[in-house]
Amino acid sequence: MREWHTVAPGIHQRRYDPFDISIVVIEGADGVLLVDTRAEPAEGEALSDDVRERFDRPVRWVVNTHAHFDHTFGNQAFGPGTSADASIHGHENIATHFAEHERPRLAAWHADPTREPGRHWDDVRLTPPTHPVGTPTTLDLGGRIVELLPQPPAHTDTDLVVFAPAERVWILGDLVEESGPPMYGSGSFPLQWPGVLAALADAMDPRDLVIPGHGRVVDRGFVARQAGDLQLVADRFRAAHDDGLTAAEALARHHDWPIPLDFLVSGVERAYTQLDQPPAD
Ligand SMILES: [Zn+2]
C-alpha cells in the first residue's frame, strides 16, 4: 500500500518508503492533523505536496509519535517559518532526546558521510515541538476530537499516543510494529516498554483499530501479543543479569526468542545499562 488508506471516517494512513513509515492524516473542519513527518526535509516537502493534493486543506497540526529521525526529520517542512506554520505537538522530552541522540547522530554523519550513504541530512534543522506535551491533552480539530497521551519511558522516553475516541482509532508510533520486529533503538527502555504496551492494550476494546509506526492496521490482540513478547524478553534479560551473565551470554542462553536475535543486541545492552545503574535513592 503506497496510497492513502481510509482507516475510519476522516482518518487516513499512508505507508511511505524508506522504512515503511506510517503517516496518518486526521481531518478537521478547517485543516488536517498530520501524525509524523518522514525521515528528511525533502521527504517532508514531498509529504506536504501529497497531503495538499489529496485533502486540499492546510496542515494546521503536526503530532510526533516520538523523537526518532524517521518520524521527525520532516518537521521543518511544516513548522515555524513555513507557509503551513503548523503547531507541532510532541512529548515534552523530545527536545532533550534530540540533544542526546539525534544531534549526535547528525554530527557523526557529517563527520563521516559514508556511515549512512543513503541519507540526505545536510539540510536538517532539528525542529522540536512548538507545543511540548507533558500531560494528556485534547485537540479540537473542528468536528473531531483527538487525545494526545504522553507515555512513560518505553520504546523511547518520548512516546506519545494519539487516540481518536469517537472513531476508536489508536496511533501508537513505534510502541508497536507490524511490518518488522519492535526496535530497541536509541534511547529505548526494554524493561519498562512491555508494561506500557500492556496498559494500552488493557485500555482498548476488541474492535478498536490500531495504527503501528510501521506496517498495516492491527488490533488489541496484536498489541497484547507484542506486549507479551517484549515482556518475555525483559524477564529473560533481568534473570540473566541477576544470574551474573554477560549481555552476550544472556542472548546465547535461549534459542527461542520471540524477536530476531540481531534486533535484541541493542536491547540487552540498554537493559544491562539500566540494571547496572544504582537505584535513584
Ligand atoms: Zn522509533
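Residues numbered from 1 in each chain as written. Predicted model: local features only at pLDDT ≥ 70, side-chain atom pairs only at ≥ 80, totals over all residues.

### What about the overall build of the protein chain?
- Of regular secondary structure, the protein chain possesses seven helices and 12 strands.
- Taken along its principal axes, the extent of the C-alpha atoms in the protein chain is 60 × 50 × 40 Å.
- Partitioning the intrachain contacts of the protein chain with sequence separation of at least 6 by distance along the chain shows that 68% fall at a separation of at least 24. (Helix = DSSP H or I, 4+ residues; strand = E, 2+ residues; numbered from the N terminus. Contact = placed C-beta atoms within 7 Å.)

### Concerning the sheet that holds strand S6 (residues 87–91)
- Strand order in the open sheet made by the seven strands is S1-S2-S3-S4-S5-S6-S7, with mixed pairing throughout. With partners counted over all chains shown, the strands left at the sheet margins are strand S1 (5–8) and strand S7 (131–133), one partner each. Averaged over all pairs of adjacent strands, the angle between strand axes in this sheet comes to 25 degrees, irrespective of strand direction.
- Along the sheet, helix H1 (residues 41–55) contacts strand S3 (21–27), strand S4 (32–35) and strand S5 (59–63); its crossing angle with S3, the most-contacted strand, is approximately 40 degrees. (Pairing = 2+ DSSP bridges. Axes fitted to C-alpha atoms, helices over the stretch in contact; angles between N-to-C directions.)

### Thoughts on the packing of helix H4 (residues 193–203) against helix H5 (residues 220–242)
- In contact at an axis separation of 8 Å, H4 and H5 are set at 160 degrees when each is read in the N-to-C sense. Relative to H5, H4 is oriented roughly antiparallel. Handedness of the crossing formed by H4 with H5: left-handed. On the side of H4, the interface is formed by Trp193, Pro194, Leu197, Ala198, Leu200 and Ala201, while H5 contributes Arg220, Val223, Ala224, Gln226, Ala227, Leu230, Gln231 and Ala234.
- For the contact of H4 with H5, the per-class residue count stands at 11 nonpolar, two polar and one charged. (Parallel < 35°, antiparallel > 145°, perpendicular 65-115°, else oblique. Left-handed = near helix turned anticlockwise from the far one by under 90°. Nonpolar A, V, L, I, M, F, W, Y, C, P; charged D, E, K, R; others polar.)

### Quick look at H4
- Those residues of H4 that sit buried are Trp193, Pro194, Leu197, Leu200 and Ala201. For H4, the arc enclosing every buried residue in end-on projection is 125 degrees, short of the 170-degree limit, so these residues lie on one face.
- Where H4 is buried, its residues touch strand S10 (160–164), strand S11 (169–173) and H5. (Buried ≥ 20, exposed ≤ 12 C-beta atoms within 10 Å, placed from the backbone. Arc of directions from axis to C-beta.)

### As for the pairing of strand S8 (residues 137–140)
- Two strands pair when backbone bridges link them, and S8 and strand S9 (residues 145–150) are joined in this way by four bridges, in the antiparallel orientation. Among the inter-strand pairings, Thr137 is bridged to a residue of S9, identified as Leu148.
- Taking the residues that link successive antiparallel strands as the turn, the S8-S9 hairpin has four residues, and the phi of Gly142 there is positive, at about 90 degrees.

### Things to note about the nonpolar core
- Counting residues in hydrophobic clusters, the biggest one holds 61 residues, and the most contacted among them are Leu33, Leu34, Ile171, Leu172 and Leu197.
- Those residues in contact with Leu172 that sit more than four places away from it in its chain are Val161, Leu200, Val210, Ile211, Pro212 and Gly213. (Core = buried A, V, L, I, M, F, W, Y, C linked by C-beta atoms within 7 Å.)

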